[in-house]
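Close look at the chain arrangement
Residue strings, one per chain:
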Amino acid sequence: MLVRALVNSKTREVNLEQLLNLCIVNALGRVMLGYRVFGEGSGASDATADEFKAMVVEVMDLAGIFNIGEFVPGLEWLDLQGVAAKMKKLHKRFDTFLVAIIEEHKIKIAQNKQHNHDLLTTLISLNENGEDESQKLTDTEIKALLLNMFMAGTDTSSSTVEWAIAELIKHPNLMAQVQEELDHVVGRDKLVSDADLTQLTYLQAVIKETFRLHPSTPLSLPRMASQDCQINGYHIPKGSTLLVNVWAIARDPDQWTDPLEFRPERFLPGGEKAHVDIKGTDFEVIPFGAGRRICVGMTMGLRMVQLLTATLVHAFNMKLPNEILPDKLNMDEAYGLALHRATPLIIEPQPRLAQHVYRT
Ligand code: HEM
């Protein structure tokens, strides 16, 4: 869908983030619901997709606001910035969206038309066939689970791909190395597939470096101390909210040489961090968190980011519009719970594979 949408794009300039969001929600939709959520897959603009995307972005922005009421509990009821009121409104919009999806699924199951082994079918069957009451999920719990997965999986994955592509455009020599590796491993007669990923060592290093410099949830997700404890000599009272600054940890000059430089080689054999992975066991880079509440979608998220980045770089050369030079590309970050680019990445894609590849 990604390649088709870019090749068929009516405009020369493409807003990559919008398109990536659509692809990722559709990929999550296929796992969770058994079908694509949006569009017929052509990548054409879709009002429902835009509405969903707007809701996800709004919730991330609202969650990232420094809400005075959360830090001065006496003021919470005043909702001075209107955050709670906006959240409640948004909740209603999400609820309508999800109720429609669940009802449609139930009808299909009742008519025996739901043959996929998707997550929602499993959740509904637990709801209906759970052996005792404690095993049954309510519709509210199912809605919460779906929302949790869609929310946690969409923006995080799409913004990482967008940062990876931006870094590669900014560093044409690195882009050339990734393309060379892809041409060597995959060739120019077909698209890269899931099965090729393990052989794409340089691409994997690029993705790790992207997660290091641009972790999609820079303060991870808030945790609450369940009991009084001491961390590094600091007393943490029970009930405190704790934020782990994943962004700062991965730029710590005591841990990383030239931490602000985008340098994938550090993760390659012989590099300073050759044995460091990003899956929660090496604490100097933990974009998916760590421990018992580590991201549940890590494997899928990582796979999507690798495959989408590889597909874009393999299938297209990418130019910036208006003759902007690569080294002038704006890399500023926007403020919010998720780490977005301050300005969306607009590209002019130019196909670079054999023509027949784009017709499949
Ligand atoms: C690039 C992609 C992703 C990144 C960087 C990411 C990052 C994170 C982080 C940092 C956390 C908090 C972990 C902690 O508290 O230690 C988290 C939690 C979570 N993620 Fe992801 N995530 C990604 C993709 C996904 C996907 C694709 C899904 C679903 C299919 C997903 C579902 C979740 C859920 C449900 C939680 C909450 C887990 C819990 O505490 O119960 N994530 N993610």
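Residues numbered from 1 in each chain as written. Predicted model: local features only at pLDDT ≥ 70, side-chain atom pairs only at ≥ 80, totals over all residues. Heavy atoms only, no water.

**Considering unusual backbone geometry**
- One non-glycine residue, Ser-220, lies in the positive phi region at around 50 degrees.
- Relative to the helices and strands, Ser-220 resides in the loop between α9 (201-213) and β2 (223-224). (Helix = DSSP H or I, 4+ residues; strand = E, 2+ residues; numbered from the N terminus.)

**Describing the pattern of salt bridges**
- This structure, assessed with the given rule, holds 16 salt bridges.
- Note that Arg-188 and Asp-183 form a salt bridge whose closest N and O atoms lie 3.2 Å from each other.
- Note that Asp-258 is salt-bridged to Arg-263, the shortest N-O span being 2.7 Å.
- Residue class for Asp-258 comes out partly exposed when judged on its relative accessible area of 39%.
- Within the structure, one salt-bridge network assembled from shared partners comprises Glu-209, Arg-212, Arg-266 and Glu-272. (Salt bridge = Lys/Arg side-chain N within 4 Å of Asp/Glu carboxyl O. Buried < 20%, exposed > 50% of the residue type's maximum accessible area, 1.4 Å probe, protein only.)

**Structural notes on the pairing of strand β7 (residues 346-351)**
- As defined by bridge partners, strand β1 (residues 14-15) adjoins β7 across two bridges and the pair is classed as antiparallel. Directly across from Val-14, in β7, lies its bridge partner Ile-347. (Pairing = 2+ DSSP bridges.)

**A closer look at the UniProt feature "binding site: heme" (unreviewed entry) in the protein chain**
- According to UniProt, the feature "binding site: heme" (unreviewed entry) maps to Cys-295 in the numbering used here.
- Looking at where Cys-295 falls in the secondary structure, it is placed in the loop between α10 (246-249) and α11 (298-315).
- Residue classification places Cys-295 among the partly exposed residues on the basis of a relative accessible area of 32%. (UniProt positions renumbered as here; feature names shortened; annotations may be inferred.)

**So, the domain arrangement of the protein chain**
- Here the protein chain is described as being made up of domain 1 (27-137) and domain 2 (155-359).
- Taking only C-alpha atoms, the centre of domain 1 and the centre of domain 2 are 26 Å apart. (Domains from an automatic or database assignment.)

**Side note on the site of the ligand**
- Neighbouring the ligand are 25 residues; Ser-216, Thr-217, Arg-223, Arg-293 and Cys-295 lie closest to it.
- Note that an oxygen atom of the ligand is positioned 2.4 Å from one of the side-chain N or O atoms of Arg-223.
- Between the ligand and Arg-293 there is a distance of 2.7 Å, counted from an oxygen atom to a side-chain nitrogen or oxygen.
- Of all the secondary-structure elements, those providing two or more residues to the shell around the ligand are α7 (139-170) and α11.
- In terms of residue count, α7 provides more of the shell around the ligand than any other element does, seven residues in total.
- Looking at the shell around the ligand, its residues break down into twelve nonpolar, eleven polar and two charged. (Near = heavy atom within 4 Å. Polar contact = N/O pair within 3.5 Å; in protein donor to acceptor, adjacent residues only side chain to side chain. Nonpolar A, V, L, I, M, F, W, Y, C, P; charged D, E, K, R; others polar.)

**Some remarks on α9**
- Its 13 residues give α9 an end-to-end C-alpha distance of 19 Å, which sits within 8% of 18 Å, the value for a rise of 1.5 Å per residue.
- Of all 13 residues in α9, eleven are buried, a share of seventy percent or more.
- Within the sequence span of α9, burial applies to Tyr-202, Leu-203, Ala-205, Val-206, Ile-207, Lys-208, Glu-209, Thr-210, Phe-211, Arg-212 and Leu-213.
- Buried residues along α9 sit in contact with α7, α8 (172-185), α10 and α11. (Expected span 1.5 Å × (residues − 1). Contact = heavy atoms within 4.5 Å.)

**Brief notes about the packing of α7 against α11**
- At a minimum axis separation of 9 Å, α7 and α11 run at an interaxial angle of 35 degrees. In this structure, the crossing between α7 and α11 has a hand that is right-handed. Where α7 abuts α11, its residues Gly-153, Ser-157, Thr-160, Val-161, Ala-164, Ile-165 and Leu-168 lie against Gly-301, Met-304, Val-305, Leu-308, Thr-309, Leu-312 and Val-313.
- For the contact of α7 with α11, the residue count by class is nine nonpolar, five polar and no charged. (Axes fitted to C-alpha atoms, helices over the stretch in contact; angles between N-to-C directions. Left-handed = near helix turned anticlockwise from the far one by under 90°.)

**A closer look at the nonpolar core**
- Among the nonpolar cores identified, the biggest contains 83 residues, and Ile-165, Leu-312 and Met-318 are the most heavily contacted of them.
- In terms of residue count, α7 provides more of this core than any other element does, ten residues in total.
- Not counting chain neighbours up to four residues away, the residues in contact with Met-318 comprise Ile-165, Ile-169, Met-175, Leu-312, Val-313, Ile-347 and Glu-348. (Core = buried A, V, L, I, M, F, W, Y, C linked by side-chain atoms within 4.5 Å.)

**Considerations on the confidence of the model for the protein chain**
- Confidence in the prediction of the protein chain, expressed as mean pLDDT, is 88, and 92% of residues score 70 or more.
- Reported confidence for the predicted complex is 0.97 by ipTM and 0.87 by pTM. (pLDDT = per-residue confidence, 0-100.)

**Observations regarding the sheet that holds β1**
- Sheet architecture is open: three strands sit in the order β1-β7-β6, paired in antiparallel fashion. Only two strands of the sheet have a single neighbouring strand rather than two, namely β1 and β6 (316-319).

**Let's talk about the packing of helix α2 (residues 16-32) against α7**
- For the pair α2 and α7, interaxial distance at closest approach is 9 Å and the crossing angle is 140 degrees. Compared by their axis directions, α2 and α7 come out oblique. Along this stretch, α2 crosses α7, giving a crossing that reads as right-handed. Contact residues: α2 offers Leu-16, Glu-17, Leu-20, Asn-21, Ile-24, Val-25, Leu-28, Gly-29 and Met-32, while α7 offers Leu-146, Met-149, Phe-150, Gly-153, Thr-154, Asp-155, Ser-157, Ser-158, Val-161, Glu-162 and Ile-165.
- By residue class, the composition of the contact of α2 with α7 is eleven nonpolar, six polar and three charged. (Parallel < 35°, antiparallel > 145°, perpendicular 65-115°, else oblique.)

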